[in-house]
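Structural characterization, general
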Amino acid sequence: MLALKGPIDARHWRTGLLHRFCVAVALIALSALTTACDVVPGMAPKAAMSFAANTDAPQSSEIKLEAGDKIRVTVFGEDKLSGDFQVNTAGYLSMPLAGSVKVSGMTGPELERALEQKFKGPYLRNPRVTVEVLTFRPFYMLGEVKSPGEFPFRTGLNVLSAMAIAGGGTYRASTSKVYIQRSGSAAMQEYAQSPDVKIMPGDLVRVPERYF
């Protein structure tokens, strides 16, 4: 019996070594497979799969002024020329010394440059003007929302946040699309209910009824 112990122990040792080798190979193969899944061509690694922040929302300085917008004009050193003004229904701004200025379609920085040119002359040799938008014209929510109506505009609005301001959709509301009539347009266009769809001042947004 003692003579058999050596061969039996050697066989057990070889079996254990083979088992450990197979486990190591399996672990290496699994690690390679996991890595391959993480870097499939055309797909970002898991660490980079988080959604990027939505940064394409227009800033107030990029939104074009239209009738109904209220702005603050500051002419440095000239308190009598500075003040709060509203763009009239024709798209014009009436200011002391500058007279009637068409501002419809201009951004804030563009209006600043236009007013500096208007003020420049014998009275003001080197005018410096800043324009601050106090309030943009409102936007409107219609259709299958709980609280349709007129709402103050604020920068960064998208279709989903606009619907939330109007109380959200009714139980009949579509969950995939809306119709938007942009300010200055006579037609409504279909858009997806997506945070990528921006709401602009003066927009008319209609949430349609969904089909069951």
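The structure we're discussing is the one just above.
Residues numbered from 1 in each chain as written. Predicted model: local features only at pLDDT ≥ 70, side-chain atom pairs only at ≥ 80, totals over all residues. Heavy atoms only, no water.

Points about the side chain of Glu144
Looking at where Glu144 falls in the secondary structure, it is placed in the loop between β6 (139–143) and β7 (149–151). The class for Glu144 is buried, based on a relative accessible area of 13%. A polar contact is formed between the side chain of Glu144 and the side chain of Thr170, at a distance of 2.6 Å. In contact with Glu144, not counting residues within four places along its chain, are Gly168, Gly169, Thr170, Arg172, Ala173, Val207, Pro208 and Glu209. (Helix = DSSP H or I, 4+ residues; strand = E, 2+ residues; numbered from the N terminus. Buried < 20%, exposed > 50% of the residue type's maximum accessible area, 1.4 Å probe, protein only. Polar contact = N/O pair within 3.5 Å; in protein donor to acceptor, adjacent residues only side chain to side chain. Contact = heavy atoms within 4.5 Å.)

What to know about the nonpolar core
Core analysis: the largest hydrophobic core is formed by 37 residues, its most contacted members being Val73, Leu111, Leu115, Phe119 and Met141. Breaking this core down by element, the ones donating at least two residues are β1 (70–75), β3 (92–95), α2 (108–119), β5 (129–135), β6, α3 (159–165), β8 (177–181) and β10 (204–207). With sequence-adjacent residues up to four places away left out, Leu111 is seen in contact with Leu65, Ile71, Leu93, Val101, Val103, Met106 and Val131. (Core = buried A, V, L, I, M, F, W, Y, C linked by side-chain atoms within 4.5 Å.)

Considering the environment of Thr135
With respect to the helices and strands, Thr135 occurs in strand β5. Residues in contact with Thr135, not counting those within four places in the same chain, are Asp69 and Lys70.

Looking at the side chain of Asp203
With respect to the helices, strands and loops of the structure, Asp203 is situated in the loop between β9 (189–192) and β10. Here Asp203 falls in the buried class, since its relative accessible area comes to 0%. Engagement of the side chain of Asp203 in a polar contact is seen with the side chain of Arg182, the distance being 2.4 Å. From its side chain, Asp203 meets the backbone nitrogen of Met200 in a polar contact 2.8 Å long. Aside from chain neighbours lying at most four places away, what touches Asp203 is Pro138, Phe139, Tyr140, Ile180, Gln181, Arg182, Ser183 and Lys198.

Here's the deal with the packing of aromatic side chains
Tallied over the entire structure, the rule returns two aromatic pairs. An angle of 90° between the planes, with centres 5.7 Å apart, marks the rings of Phe136 and Phe153 as edge-to-face. With Phe136 in the loop between β5 and β6 and Phe153 in the loop between β7 and α3, the pair connects residues that are 17 residues apart, well separated along the chain. Just as Phe136 is buried, Phe153 falls in that class too. In this structure, Arg128 is placed above the aromatic ring of Phe76, and the distance from its NZ or CZ to the ring centre is 5.0 Å. Note that Arg182 overlies the ring of Tyr191, its terminal NZ or CZ placed 5.1 Å from the centroid. (Phe/Tyr/Trp six-rings, centres within 6.5 Å; stacked < 30°, edge-to-face > 60°. Lys NZ or Arg CZ within 6 Å of the ring centre and 35° of its normal.)

A closer look at the environment of Leu157
Considering the arrangement of structural elements, one finds Leu157 in the loop between β7 and α3. Considering only alpha carbons, one finds Leu157 and Pro195, 38 residues apart in sequence, at a separation of 8.6 Å. Discounting chain neighbours no more than four positions away, the residues touching Leu157 are Phe139, Ala162, Ile165, Lys198 and Ile199.

That's the geometry; what it means functionally is another story.
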